[in-house]
Structure formats: structure tokens, C-alpha cells
Amino acid sequence: MRTFDIVIIGSGIAGGLLARQLRLTCPDLGVLVLEAAEAMEDYKVGESTVEVAANYMVRRLNLGTYLYQHQLPKNGLRFFFDSQGKDLPLPRMSEIGSDHMPFHPSFQLERARLERDLVAMNRAAGAEVELGAKVVDVAIDGRGRHKVVYEQGGERREVACRWVCDASGRRHVLWRKLGVKVHKETRLNTAAAWGRYRGVAGLDAVADPAWRSRARYTSRHLSTNHFMYDGYWIWFIPLAGDLMSVGVVFDKDRIGEGSGAALTGPRTRADFERFLGAHRAARELLEGAELEDFQGYAHLPYHADRYFSTDRYAVTGEAGAFTDPFYSPGSDFIATANEFITQMILSDVAGDRAAFEEKVAAYDAYYRFKYDSTLRLYERMYPVFGSFELYRLKYLLDFNNYYNLVVWPFMADRVTDVGWIREELRFTDLVLRALSTMGEHFASLASDLRARGEYFAQNEGRFANGLNGVAQLETRLGPAIDERFRREQVDRAYGSVFAALVERRLGEQGLSDRACVVSELKLPQVLVFRDITPERLSRLLQRVAERMTRELRDEFPDAGIERVELGAGGEVSVTGLDAGTAAHAAVLSRAHALWDASAGSLAHVAL
């Protein structure tokens, strides 16, 4: 019987990248990869990467040159918004997107090619990769060596190993053998259908000069392009060569069968083509293109109760959990899991049992938290998707938090630091509560705007530069983390966006860029602001007025100021001074200046 240090089940992107990382990091360890497919030719969804996965591939796996030579660079995320009748031509749709390439690289992956190339790379690096090797049994021995049985070429073979890592995707090979339950997620009821088209001209073929110039002629084609609708979204992702990945992800509660929606989510190839054809922009982009293949998932999100074990087994990628393809988090989960697995193996083979057990416990808890926080990010988003006005604010918050709370720690190598993880896990309840609370506010405002007939009001002719909300982070991200700055950015993001929600919900024009208001809306204050009502706003403004009173008394100690009062429509008054006097005029002028001072709110960044 052959013996290896690590057996990886599956040579898709998760298993292929893990094998490469192990060979680069631990070249003395024997790695066997068992892939059920005879050849790496299957079209797989999940082509878009974002910053964590890209940083992992470029910095940790040294794949930067390969990615630029054989895959496509990505020009960030881009979002388009349509009329209620789904009949706007592309140049008239409101848009969120970049007007230049983001500072940190990311890529659009033609998965089959990458996975074929990883097989060759891993073999060249000393890993054994067996294709057509279907794993049929796994026996875990926490005290000795595990046994893995696979069939290949009509023969049954068995190997022994110290570690088993499952990267088999939705087949869940290891969990099925161990009887570990994989839970179908009920908090998010989404499905997807997709295919590859050949002969799509692409977004850069649209000739409208005004539309092209508003993004400074940067390549929209290279973006992960989202067409946003109430309850679903459509993606257009370019692939190397003459291919375009096109897909639909939909909330089955909003447009699925039985939802009562006029347009139901596609389940068959014919349904898929009809569905896309019902949208003018998609229909025009696909004119003359040929659909090469079609696939779908009836349900997307799921999770397990654990991911890593002190009995020396682990899962990575979709073998463990999946949330939703929006924001393209799948490869980020792979990067995080692979980093964890490599660090656990290093401690185990070094014989440091205490460090090994400590890492398993911390990494498993953090990975479960990562799943739950990502799921809550999406949980109430689908009713918001179709409104430019709403989603612009949601994206400001999400993008800022992603760069600040996710990308930065990964770039600084904090994610595998057990001490850092423990500190982060102290705030689990706060983070999850923040995500749920803001999700509720966005969903409530979406419902309110529908009732007013204003949900689609800003969906035509507007452009928001999606990179403006993270410009302040661009020069800060790197190996050194500034925790104070990070906390300030969290408060600024939540305060800016929440103040904008209050302004829109209650019709208080100008409220969301007042420094004295936004400064009172740090994250803890946002979390206790459960309902956006006139009464809650009145209490907030009372706190603002009390603070202004203290500041004015400090500045004018002999003026006899009693209090500042803030009335409807932004009216400001000061009591305790005789009206018409020079002192009253000076104090009132200063009160107006304090009230009108700009917060530099993220919701008001230049568009």
C-alpha cells in the first residue's frame, strides 16, 4: 500500500490550489490528488475572483504571471439598473462601477483551463495527481493513518495517509463517508441557472460616446457585470477566448414558482433563454450569440457543522459550505480554508500538538463565523437589488467593510494568527447583529419605496463610481494594520449609510451629510436604532442639540446660553440670549455653522 502525508480529494480549483500551496510551503511532504474526472474539461461556474482570492493566488501561490498571461484581468464589480418594464437600453441604465482599474488585481477565470494547468503545475512541483480516480471509501483513524480507497481504470486501489482534505465540491465525499450532515440553508432561498455564450460582442462594443466617456473609456467588458432586478440579478462575465459566462441568480420566494411573479426563475435551457430575452439590455447584448452549454442549481446555500478536525481531516471550497455567488465570495472561502489547512498541517507535522489543537479550534470557529456573516450579508438583499438608489448605499457599506474588515487582515497575514482570530471572535454577536439590523432597514425602505412608487425612481441615467467609497483605504492596505483607523472606518461607513437611510425614510433632506448627526451614529448607536421613526429621529436630534449646546457654551462661556433647539426642516434656534443682540447673532451664526458642517459622508462622495 502506498503512503502519503496528504491526500486531497478533487483537483478542481480548491484542491488544485491547495496542492500547489502545500508543495510550495511543505516540499518534503508527499501529496496525492485524486480527481474523479478523466480530464479537466468540465465547464464550471465561479469564474469571478475578488481581492482576497486574487491576493492569495498572486502572493501566496506565485500565480501572478500565469494569471495575466492565460486568464483575464478583472475591472472590478459593475452594476446596472433597469426600468420596471425591463426595457431600458444599456446606455440609459443607471450604473455603479469603476472609471479605472482597481488598485488591487483580480481576475476572470476560465475554470477548466486553470484546473488543467494546475494539474500540470502540481505534477511538476512533485505532487502526484491521478485523474479518473473516484474515491469510494475513506476510513479515518485519529490515532494512526487514514485509508482512502479509489477506483481507477477498473481497478480498486488503496492508499494510507496522515491527512485527508476534501475538495470534492457538492459531492461532499468526506462528509458522506463520515455521516456529517450538510444543512440546506433556509435563511436564503436562492437558485441559479447559467451557460456560456460564444460570439457576444460585449459591453465595450456599445458605441454611445456619452456612455463610454462617463467611465473614462475603461473596459466595462472586463468587469463582473451585474444586471440588477427586484428579486434577482443577471451576470455577464467575460472569459479568455470568445466566451461569455451568463447566468441568473434568483430568490425563489420572490420570483420562483408559486411566488405570483410575472416572470419566474428559469429551470431549463429553454426557460433560461426566454428569461434573458425578456430583458432588453440582455437581449441586445446576446443578439447573434450562441449558447454553448447550460447548467443550474435548484438551491444554492448550505453549510456543515464543522470544517476542520484534530483527527487530521479538513474540507475546502464547496465541499464544506456555499452562500451565494453575489460579490463572488467562493474563491475567498477557498483561500481562507487553504490557508487554515496549510497552517494546521505545519503544526501537526512539527509535532506541536498544543498549537495544532489551538489552530483547529480557532480556525473552525472563524470559518463558521465567516459563513454566517456572509450569509447574513445576503439574507435580505434580494428585495433591494432592483433599486439604484437603495443598492448604491448598500454597496458603499458592503464594499467598505470588505476592504477594511476582510481584505486588510488577509493581506497582513492576520487571518491565520490565532490571537487575532480570538480577538475577532469576541465581536461575533456585534458583527452578526449589525448585518441583520442593516439588512432589515434596507428591506424596510425597499418596501416603503415600492409603496410610494419610488423604487425605480433613480434607475435611469445615473452613474456612481464604486471605488470612491474605498479610496481612503487604498494607500493603507498592506502588511501593517492600523486598528484605530479600522474602527474609525467602520463607524464612518455605518454612520454615513444609516444617516442616508434615515433621511430617505423620513424625508429629512440634507440630514445625512451633517457632521453633528453622523458623529452620533457610530456602530453601537446604529444598532440600538431599531426602528426608523420620527420619534427615534427626535431623540437623536435631541442628543445632537445637547452636544451643540455644550460646544457653544465652551466657545461662548459668558453668553448665557440655555440650550440649542433643532426644529423641523433643519431650523436652528438658541435660547437664553436676547434676540436681536450682537451676542445672539454671533452664537446663532456659530450654531448654524456647526449644524451645516459636512461630515464627508461616504453617501455623498463625488459621483
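Residues numbered from 1 in each chain as written. Predicted model: local features only at pLDDT ≥ 70, side-chain atom pairs only at ≥ 80, totals over all residues. Heavy atoms only, no water.

1. Comments concerning unusual backbone geometry
Then, number 1: For Ser-328, which is not glycine, the phi torsion reads 55 degrees and is therefore positive.
Then, number 2: Within the fold, Ser-328 resides in the loop between strand E19 (313-315) and helix H10 (330-349).
Then, number 3: What makes Ser-328 buried here is its relative accessible area of 9%.
Then, number 4: With a phi angle near 60 degrees, Asp-413 is a residue other than glycine that sits in the positive phi range.
Then, number 5: Relative to the assigned elements, Asp-413 resides in the loop between helix H12 (388-411) and helix H13 (418-425). (Helix = DSSP H or I, 4+ residues; strand = E, 2+ residues; numbered from the N terminus. Buried < 20%, exposed > 50% of the residue type's maximum accessible area, 1.4 Å probe, protein only.)

2. Side note on the pairing of strand E14 (residues 232-239)
Then, number 1: Where burial is concerned, most of E14 is hidden: eight out of the eight residues are buried.
Then, number 2: Connecting strand E13 (residues 224-229) to the next strand, E14, in antiparallel fashion are two residues, including Gly-231 with a positive phi near 100 degrees.
Then, number 3: In this sheet, strand E15 (residues 243-251) lies alongside E14 in antiparallel orientation, the contact comprising eight bridges. Across the sheet, Phe-236 pairs through a bridge with Val-246, a residue of E15.
Then, number 4: Connecting the antiparallel pair E14 and E15 is a turn made up of three residues, with Gly-241 showing a positive phi of about 90 degrees. (Pairing = 2+ DSSP bridges.)

3. Considerations on the nonpolar core
Then, number 1: Membership of the largest hydrophobic core comes to 125 residues, with the highest contact counts inside it found for Ile-8, Phe-79, Phe-308, Phe-326, Tyr-327 and Tyr-391.
Then, number 2: In terms of residue count, the dominant contributor to this core is helix H11 (residues 353-379) (11 residues).
Then, number 3: Ignoring anything within four residues of it in the chain, the contact list for Tyr-327 reads Val-50, Leu-77, Phe-79, Leu-377, Tyr-378, Met-381, Tyr-391, Lys-394, Tyr-395 and Asp-398. (Core = buried A, V, L, I, M, F, W, Y, C linked by side-chain atoms within 4.5 Å. Contact = heavy atoms within 4.5 Å.)

4. Points about the sheet that holds strand E16 (residues 290-297)
Sheet strands pair by backbone hydrogen bonding; their relative direction is either parallel or antiparallel.
Then, number 1: Overall, mixed pairing links the eight strands, which are arranged E16-E12-E15-E14-E13-E4-E5-E20 in an open sheet. Strands at the two margins of the open sheet, each flanked by one partner only, are E16 and strand E20 (463-465). Adjacent strand axes in the sheet meet at a mean angle of 15 degrees when their direction is disregarded.
Then, number 2: Sitting on the sheet, helix H8 (residues 269-277) touches strand E12 (190-198), E14, E15 and E16, and the angle it makes with E16 is about 110 degrees.
Then, number 3: Helix-sheet contacts for H12 involve strand E4 (77-81), strand E5 (94-97), E13 and E20, and the interaxial angle to E5 is about 10 degrees. (Axes fitted to C-alpha atoms, helices over the stretch in contact; angles between N-to-C directions.)

5. What about the environment of Ala-53?
Then, number 1: The topology assignment puts Ala-53 in helix H2 (residues 51-60).
Then, number 2: By relative accessible area, which is 3% here, Ala-53 ends up buried.
Then, number 3: Residues Ala-53 and Phe-107 lie 54 residues apart in sequence; the distance between their C-alpha atoms is 9.2 Å.
Then, number 4: Excluding residues that lie within four positions of it along the chain, Ala-53 makes contacts with Ser-331, Asp-332 and Ala-335.

6. A short note on the side chain of Ser-11
Then, number 1: Within the secondary structure, Ser-11 sits in the loop between strand E1 (2-9) and helix H1 (13-25).
Then, number 2: Residue Ser-11 is classed as buried on the basis of its relative accessible area of 1%.
Then, number 3: Sequence-distant contacts of Ser-11, defined by excluding residues within four places in its chain, comprise Gly-16, Val-33, Glu-35, Met-40, Glu-115, Val-119 and Val-129.

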